[in-house]
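# A look at the structure
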Amino acid sequence: MCGIVGLMANQAVNQALYDALTVLQHRGQDAAGMMTWHEGHFLLRKSNGLVRDVFHTRHMARLKGNLGIGHIRYPTAGSSSEAESQPFYVNSPYGISLAHNGNLTNSDQLKQELFSSDLRHINTSSDSEVLLNVFAHELGKQGHDLEPDDIFDAVRRVHRRCRGGYAAVAMINGFGMLAFRDPHGIRPVVFGTREGAAHQDVMIASESVALDVGGFELCRDLAPGEAIFVDMQGNIHTRSCVDRPRLTPCIFEYVYLARPDSILDGAYVYGTRLEMGRKLGDRLQAQWPDHDIDVVIPIPDTSRTSALELAQHLGVTYREGFIKNRYIGRTFIMPGQTQRRKSVRQKLNAIGSEFAGKNVLLVDDSIVRGTTCKQIIQMARDAGANKVYFASAAPPVRYPNVYGIDMPTANELIAHGRSEAEVGELIGADRIFYQDIEDMKEACRKINPAIEAFDCSVFDGHYVTGDIDGAYLTQLEASRNEASRTQHVGDHALVGVHNQDDDDQD
Ligand SMILES: O=P(O)(O)OC[C@H]1O[C@H](OP(=O)(O)OP(=O)(O)O)[C@H](O)[C@@H]1O
Ligand SMILES: NC(=O)CC[C@H](N)C(=O)O
Ligand SMILES: [Mg+2]
């Protein structure tokens, strides 16, 4: 779940792209990048780090132009090397740059095809470089005098070749800005407009919060399999590029990934989390009508919305027992387990008076590896809690994710192959409560009944693209181990547009 943004405007886009990337930072903390287009040239700055660390004044000054795309990265393929940060670039046809959120499930096969049939070289282990080259190859077949329909035809062939979850934004040198969404709409993309001097400004982004910060009005989400092309005059062209699209957005966006103030596929994320809290309250009440909970305490940040609603629903006091250090990022999306474990303690601290002698119900949005809850339960006990109960606003996470969330191996998931009670015992809780999977789906559907189905693969092991089997998951587990994820490849892999680095002089 990286963040992507694209902007076609009447004035320089660098600052607006920066602002958009800043509000998408929760989708990735490993690397950030921006490419702009100015007078027939692409200008690039990308590096490892947070948005505020990657772009300094001197980089911003060089990122000229009224058209640009940006990316923040949370790696799900390849390594966290700077060479695999985005956007990526290819020089033919025309010159194209692309930023991608998601994960291709057939990138190994595509890489081979690109080499042996399409005569294209991929210089990193990133699936996004593969996606760009597949698109470039397909666009190259269209010939001269490129029209929007030619671009859409190329996207149609991309969908035929690529599998997995992908939302991508791209620039085609001299023609305009393009975005497309996979046929299942697994990863989100929205677009919006703003009035401009000569023509309207158009922004495309992973989440609607990016539009809010730029003063854009949300038009809508891209439909599954749909593409949008914005020409150099700011005209919007859209077309469905698949025959049988089926919307099954990733439900984990609503559980944890997206910001609560975003609207994704017509559903306010905040509303879905409130509803998950309410449902969890019902379930707890049903399982334990004479509970002895004194206080409900959320584990900041993401669970706060559900926890508040759960407490109100149960009629139990809600208290902020843990204070979050605002300078530490999200721990789940950090790259290594050692760093994640250490960061929980750095990030959260208990207010002793809220725990002393009380039976507390700690609420989190989800339990994935169990890194957070194990430590938090111990902290609650150290702070003098009498009983420590734990509730998860999502069902047990038991299966790997292959569509853009970095959970490639079942064994790293604490609930894999375990019952709810066994997880409770392992994390040291006196009692554990999990959301029911149907209740979670209903909670989201209640906010937007038009979404008929979701990708719930991490909860039910059903992969909506239909190409994932045991052999695939075994091979993924073997190839995507901790060492390969944190490995850094040499700088030789940075091939393409000159990337401004810190040594560049004005
Ligand atoms: O079981 P785990 O492997 O620990 O993963 C689950 C935890 O990680 C996330 O928090 P994170 O700190 O990433 O972000 P947040 O501040 O938005 O809650 C999530 O909200 C859970 O608290
Ligand atoms: N989280 C994502 O969307 C990752 C995008 C891409 N697969 C990468 O690893 O860079
Ligand atoms: Mg959390």
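Residues numbered from 1 in each chain as written. Chains lettered and ligands numbered in written order. Predicted model: local features only at pLDDT ≥ 70, side-chain atom pairs only at ≥ 80, totals over all residues. Heavy atoms only, no water.

Under an unreviewed UniProt entry, the name given to the chain is Amidophosphoribosyltransferase, and the organism recorded is Pistricoccus aurantiacus. UniProt, in its Catalytic activity (unreviewed entry) section for the chain, records the words "5-phospho-beta-D-ribosylamine + L-glutamate + diphosphate = 5-phospho-alpha-D-ribose 1-diphosphate + L-glutamine + H2O". (UniProt positions renumbered as here; feature names shortened; annotations may be inferred.)

## Quick word on the nonpolar core
The biggest cluster of nonpolar side chains holds 55 residues, and the ones touching the most others in it are Phe252, Tyr254, Val296, Phe332, Leu361, Met407 and Phe459. Looking at this core, the elements that each hand over two or more residues are helix 8 (252-257), helix 9 (269-287), helix 10 (304-314), strand 20 (359-364), strand 21 (387-392), helix 14 (437-447), helix 15 (457-460) and helix 16 (470-479). Here this core gets five residues from one element, more than from any other, and that element is helix 8. In this structure tyrosine 254 touches Leu264, Asp265, Ala267, Val269, Thr272, Arg273, Met276, Cys444, Ile451 and Phe454, once residues within four positions along its chain are discounted. Counting residues in each nonpolar core, the second largest holds 31 residues, with Ile96, Leu110, Phe152 and Val158 among its members. (Core = buried A, V, L, I, M, F, W, Y, C linked by side-chain atoms within 4.5 Å. Buried < 20%, exposed > 50% of the residue type's maximum accessible area, 1.4 Å probe, protein only. Helix = DSSP H or I, 4+ residues; strand = E, 2+ residues; numbered from the N terminus. Contact = heavy atoms within 4.5 Å.)

## Some words on the UniProt feature "binding site: Mg(2+)" (unreviewed entry) in the chain
The UniProt record marks Thr302, Asp364 and Asp365 with the feature "binding site: Mg(2+)" (unreviewed entry), using the residue numbering of this structure. In summary, the annotated positions, though distributed over 64 residues, converge in three dimensions, the widest C-alpha pair being only 7.5 Å. Within the fold, aspartate 364 resides in strand 20. Aspartate 364 has contacts with Ile299, Ser303, Thr372, Phe390, Ala391, Ser392 and Ala393, leaving out every residue within four places of it along the chain. With respect to the helices and strands, aspartate 365 occurs in the loop between strand 20 and helix 12 (371-382). The contact partners of aspartate 365, leaving out residues within four places of it in the chain, are Val255, Tyr256, Thr302, Ser303, Ser392, Ala393 and Ala394. Within polar-contact distance, the side chain of aspartate 365 engages the side chain of serine 366 at 2.7 Å. (Polar contact = N/O pair within 3.5 Å; in protein donor to acceptor, adjacent residues only side chain to side chain.)

## A word on the environment of isoleucine 4
Tracing the sequence through the fold places isoleucine 4 in strand 1 (residues 3-8). According to the relative accessible area criterion, isoleucine 4 is buried, its value standing at 0%. Considering only alpha carbons, one finds isoleucine 4 and glycine 28, 24 residues apart in sequence, at a separation of 10 Å. For isoleucine 4, the contacting residues outside a window of four places in its chain are Leu24, Gly70, His71, Ala99, His100, Asn101, Ala167, Ala168, Val169, Ile204, Ala205 and Ser206.

## Let's talk about the side chain of histidine 159
In this structure, histidine 159 sits in helix 6 (residues 148-161). If sequence neighbours within four positions are ignored, histidine 159 has contacts with Tyr166, Phe180, Arg181, Asp182, Pro183, Gly225, Cys241 and Val242.

## A short note on the confidence of the model for the chain
Taken as a whole, the chain shows an average pLDDT of 95; of its residues, 97% reach a score of 70 or greater. Predicted as a complex, the structure gets a pTM of 0.96 and an ipTM equal to 0.98. (pLDDT = per-residue confidence, 0-100.)

## Considering helix 14
Every buried residue belonging to helix 14 is among Met440, Lys441, Ala443 and Cys444, and all of these are buried. Buried residues of helix 14, seen end-on, are gathered within an arc of 155° and therefore sit on one face of the element. (Arc of directions from axis to C-beta.)

## A closer look at the site of ligand 2
Residues in contact with ligand 2 amount to 15 residues; listed here are only the nearest, Met1, Cys2, Arg73, Gly102 and Asp127. Between ligand 2 and threonine 76 there is a distance of 2.9 Å, counted from a nitrogen atom to a side-chain nitrogen or oxygen. Alanine 77 is positioned such that a nitrogen or oxygen atom in its backbone is 3.3 Å from an oxygen atom of ligand 2. Compared with its free state, where it exposes 300 Å², ligand 2 has 100% of that area covered by protein. For the shell around ligand 2, the secondary-structure elements that each account for two or more residues are strand 6 (96-104) and helix 5 (127-140). Residue contributions to the shell around ligand 2 peak at four residues, all from strand 6. Of the residues belonging to the shell around ligand 2, the class tally is five nonpolar, eight polar and two charged. (Near = heavy atom within 4 Å. Areas by Shrake-Rupley, 256 points an atom, 1.4 Å probe, with all protein chains shown as cover. Nonpolar A, V, L, I, M, F, W, Y, C, P; charged D, E, K, R; others polar.)

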